[in-house]
Amino acid sequence: MAELLSGNHAIAEAVRLSKVDFVAAYPITPQTPIYEKIAEMISEGKMCGQMMRAESEHSAMAACISASLAGVRVFTASSSQGIAYMHEMLHFASGCRVPIVMACVNRVVSAPWAFGTDQTDTLSQRDTGWIQLYCEDGQEALDTVIMAYKVSETIFLPVMVIIDGFYTSHFIEPVEIPEQTLIDQYLPKRNLPNRFDLSNPAFLQNVVDPPNYTRFKKRQFDDTLKARRLLIEADKEFGELFGRSYGVVEPLELADAEIGIVTAGSMTSCARIAVRTLRSKGIKAGLLKIKLFRPFPYNEVARYLGTLEKVIVIDRNVSSGKGGIFCDELKASMYNLKNRPEIYGFIGGLCGEDLPPEKFEKITLSVLRAKKPWDVPKWIHRMRF
Amino acid sequence: MILDFLIDSYVQLGYSIQVIEIKFTGRGGNGVVVAAQMLAKAFFLSGFYPQCFSLFGGERRGAPVKSFLRVNSSKILLKCEIKKADHLIVMAADLLPEEPLTENLKNGGLVLINADRPFKVEGPFKVAYVDAQKIARECRLGNIINTAMLGAYARISEILSLNYLEKAVREYVPSKLDENLRALRRAYEEARTF
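Quick summary incoming for the structure in this document. Since we're looking at a predicted model, the values are computed, not measured. (Residues numbered from 1 in each chain as written. Chains lettered and ligands numbered in written order. Predicted model: local features only at pLDDT ≥ 70, side-chain atom pairs only at ≥ 80, totals over all residues. Heavy atoms only, no water.)

**Points about the interface of chain B and chain A**
As a reminder of what qualifies: Residues count as neighbours in contact if any of their non-hydrogen atoms are within 4.5 Å of one another. Here the quantity called buried area is the accessible surface, traced with a 1.4 Å probe, that two parts lose on coming together, added over both. Salt bridge criterion: a side-chain nitrogen from Lys or Arg within 4 Å of a carboxyl oxygen from Asp or Glu. Only DSSP runs of H or I reaching four residues or more are called helices, and only runs of E reaching two or more are called strands; each is numbered from the N terminus. Only Asp, Glu, Lys and Arg are considered charged in this grouping, and only Ala, Val, Leu, Ile, Met, Phe, Trp, Tyr, Cys and Pro are considered nonpolar; every other residue, Gly among them, is considered polar.
On the chain A side, the residues contacting the 17 residues of chain B number 20 residues. Carbon and sulfur atoms supply 66% of the area buried between chain B and chain A, which totals about 1700 Å² over both sides. Per-residue buried area on chain B facing chain A is highest for Phe 44, Leu 77 and Lys 79 of chain B; these three make up 41% of the total on that side. Our enumeration of links across chain B and chain A arrives at 3 salt bridges. The salt bridge involving Lys 79 of chain B is made with Glu 173 of chain A; its shortest N-O contact spans 3.1 Å. When residues of the side of chain B that touches chain A are traced back to their parent elements, those giving at least two are helix H2 (32-45) and strand E2 (49-55) of chain B. Sort the elements by how many residues they give to the side of chain B that touches chain A and E2 of chain B lands first, with 5 residues. Among the residues forming the side of chain B that touches chain A, the class breakdown is 10 nonpolar, 2 polar and 5 charged.

And the structure:
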């Protein structure tokens, strides 16, 4: 059944359908409607589970880790400075191998103070050991939260399900809400280990020596890589049951393309229109939407982009003094390939700057004319359209 | 009812319509955001695919607020601002000098203005007006003029029946349901083209 929902409320519906036992969160724009909707559903008896009003995001994540160690299904959500404030606990979560799912609603990290979307808040958490999935719209976010629990509780790693602030979080669109019975079939309650034994109390994270630490990290690293395969399978199974699947990346018109645009998140929708328009003008353009950022989808990137002449990466984020983060990751992942495209980096859409299809078209035309790629990214707001 | 039937069958037969872009301007406190959401719901109930969003400056009373609505027969990929709309609903006419029609409305587009007298505007537009302020006050709704604006919109746009709007209003207004429905119907009767 389809309902008119914002991306935030679509995520709250996914949390309800996933029968989450425990939610600890702290409000922050643009994530707050997720938190409010879950509170409302619990108070109206539409959702079981307990909600904890934490005094900060740091405490919210600490509470989620503890609850997850006790073997219950856990959810939280945050944005911007809230995610930054959680940072040290994020490492703890992945290190404790707890299957937490967190919805992250991208918003600029202040200063300057602002509300629009910018993926730098989640990309700054790249090395915390969390799986990161960037979603294009509310429907994908709903579906991905459900898939995320399946994968997370299999491999015991926490997952961030990420949407753009406002463009996805506050856009209201028809969203298909799956049947609870089918969700129960897809995502049964697992017997997660309870690592607290009150009759035999013990310290949970003891000090380890270098060999043990390294063994632990190597195992975490390998399991994170394995998560890619699990995600592909979870997505396929979801598709068979519900008729929607997304892949860890999504190629569009890349088979015979000369030039490819790489996007993540909500900007992908306008880029799709741009590719259609460019094709109608006889330009062999294609698109690769990157959904999975950690573990990095090396194989897919090589397969879909390796044969192109030119690749454009549009980053709604910035690593000051270096470039767009997706662009840099893409360059690094392709360095050892025999054939690799020229990669052209652009930064745009920061703070929710509008990126209509015409901008993607004009960027593509400008890169087609370009003689060689540049190291320092071009900023879209400085370009003449 | 005939209109409902026509629109329903139009969508159900799978005909695609061109995306209609609708823009609301007004001030915080007018009900601009909920106006777009109610209209989205009404289109949704009648079988269309709506996409609705708002732009806030600061969330405070009196501040200029814009809301947007796209309507299509299938999924909408455009995820960007609406610059020049097909239909513009001006809930606070004193914002018009700052937000000129030529920058917010396509040539040949339709503008509905909340005004107490026929409103003369320059440019190749279809113009309609309704005294939503008066209707809202007389229906004891104060400055919340969104249901009145929507009633007038249903009349002049001729693409949506009042029936679906009434259903949406029932779902969205938190209080004073009868007053809101009265404002909706009265504005439907009193909307005038110019």
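On we go.
**Thoughts on helix H3 (residues 57-69) of chain A**
All names here are of chain A. Keep this limit in mind: A helix is expected to reach a length of 1.5 Å times the quantity of its residues less one. Here the term buried applies to any residue with accessible area under 20% of the maximum for its type, exposed to any over 50%, and partly exposed to those in between, with areas from a 1.4 Å probe on protein chains only.
Over its 13 residues, H3 extends 18 Å from the first C-alpha to the last, a length consistent with the 18 Å expected when each residue adds 1.5 Å. Most of H3 is tucked away, with 10 of its 13 residues classed as buried. When we look at burial in H3, the residues that qualify are Glu 57, Ser 59, Ala 60, Met 61, Ala 63, Cys 64, Ile 65, Ala 67, Ser 68 and Leu 69. Next to the buried residues of H3 lie strand E2 (22-25), strand E3 (50-53), strand E4 (74-78), helix H4 (80-95) and strand E5 (101-106).

**Focus: the packing of aromatic side chains**
Residues and elements named next belong to chain A. The test is simple: Any Phe, Tyr or Trp ring, taking Trp's six-membered ring, that has another such ring centre within 6.5 Å forms a pair; planes under 30 degrees apart are called stacked, those over 60 apart edge-to-face, and the others tilted. Whether a charge sits over a ring depends on NZ of Lys or CZ of Arg being within 6 Å of the ring centre and within 35 degrees of the ring normal.
Here the structure, examined in full by the defined rule, presents 14 aromatic pairs over all chains. With a centroid separation of 5.9 Å and 35° between ring planes, the pair formed by Tyr 167 and Phe 171 is classed as tilted. A ring pair is formed by Phe 296 and Tyr 298, whose centres lie 5.6 Å apart and whose planes are at 75°; its orientation type is edge-to-face. Overall, the relative accessible area of 6% leaves Phe 296 in the buried class. Chaining the aromatic ring pairs together yields one cluster made of Tyr 134, Phe 293, Phe 296, Tyr 298 and Phe 326. The side chain of Arg 73 reaches across the aromatic face of Tyr 149, ending 5.6 Å from its centre. Lying over the aromatic face of Trp 374, Lys 378 brings its terminal NZ or CZ to 4.2 Å of the ring centre.

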